[in-house]
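Descriptive structure summary
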Amino acid sequence: FFNAKEKNWIPFIYNGSLHFVYPPVPHVIVSAQEDGRSQRLYSTTYLPLHRLRQKSPHVQIRGSGQAVLIHRPLKLRQKHYLALLHIFDEVSGRYTNYAYRFQSEPPFRILQVSAPLPLTTAGIASGLAVHNDTVLVTYTASEVPEARALVMSLS
């Protein structure tokens, strides 16, 4: 699928098989093969992020962590995946992190993107866990190499 080394993939399990989001814009879904190859399956566009890329070509929208299937949705009222992405501004050198939700079935369209996550310091969100209505986002502080966590409600 790609000839260069890549990072910022978002892994998730669908029907017992490993899939990845890469990249988030457009929202491309690939399947992972046992031999290490991947196959592009779906590509959809979330207009607000697409417009941001068009308006601000100096920003890069990248994936973070893994996607978690939410079985008991509160506000969306439909099963979906919760994932993380970050926006890197090449001009300022700053990262802004967001949670986002995408469909639990193909073609896995983005449903919603959060407001910026209130991390206590500049850094990149790298891990995601959900238990009942509690969401844990792990991240590293950029000025001090130290692990941190943001705990918030799913609602």
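Described below are features of the structure shown in this document. Not measured: the values here are computed from a predicted model.

Once that is clear, we can look at the packing of aromatic side chains. Across all of its chains, the model carries 12 aromatic pairs by this definition. On the numbers, 5.3 Å between centres and 65° between planes, the contact of Phe12 with Phe108 is edge-to-face. Highlighted residues: Phe12 in strand S1 (residues 10-14) and Phe108 in the loop between strand S7 (94-103) and strand S8 (110-113), separated in sequence by 96 residues. In this structure Phe108 comes out as buried when scored by relative accessible area, which is 1%. Between the aromatic rings of Phe102 and Phe108, the centroid separation amounts to 6.4 Å while the plane-to-plane angle is 75°, which identifies the pairing as edge-to-face. The pair formed by Phe102 and Phe108 is uniform in burial state, with each residue classed as buried.

This part covers the pattern of salt bridges. Scanning the entire structure with this criterion turns up two salt bridges. Across the salt bridge formed by Asp35 and Arg37, the nearest N and O atoms sit 2.6 Å from each other. A relative accessible area of 58% places Arg37 in the exposed class. Two residues, Arg148 and Glu146, come together in a salt bridge whose shortest N-O distance is 2.8 Å. Using a relative accessible area of 35% as the deciding quantity, one classes Glu146 as partly exposed.

Cut-offs applied
Position labels on residues start from 1 in each chain and follow its written sequence. In keeping with the predicted nature of the model, local features appear solely for residues at pLDDT of at least 70, side-chain atom pairs appear and are counted solely at 80 or more, and the whole-chain, interface and lining totals rest on all residues. Note that the side-chain values use all heavy atoms of the structure and ignore hydrogens as well as water. Ring geometry is summarised as follows: Phe, Tyr and Trp rings, the Trp one being its six-membered ring, pair when their centres sit within 6.5 Å, and such pairs are stacked at plane angles under 30 degrees, edge-to-face over 60 and tilted between the two. Comment: elements are numbered from the N terminus, with helices defined as DSSP H or I runs of at least four residues and strands as E runs of at least two. Residue exposure (1.4 Å probe, protein chains only): buried if accessible area is under 20% of the type maximum, exposed if over 50%, otherwise partly exposed. In the sections that follow, a salt bridge refers to a side-chain nitrogen of Lys or Arg positioned within 4 Å of a carboxyl oxygen of Asp or Glu.

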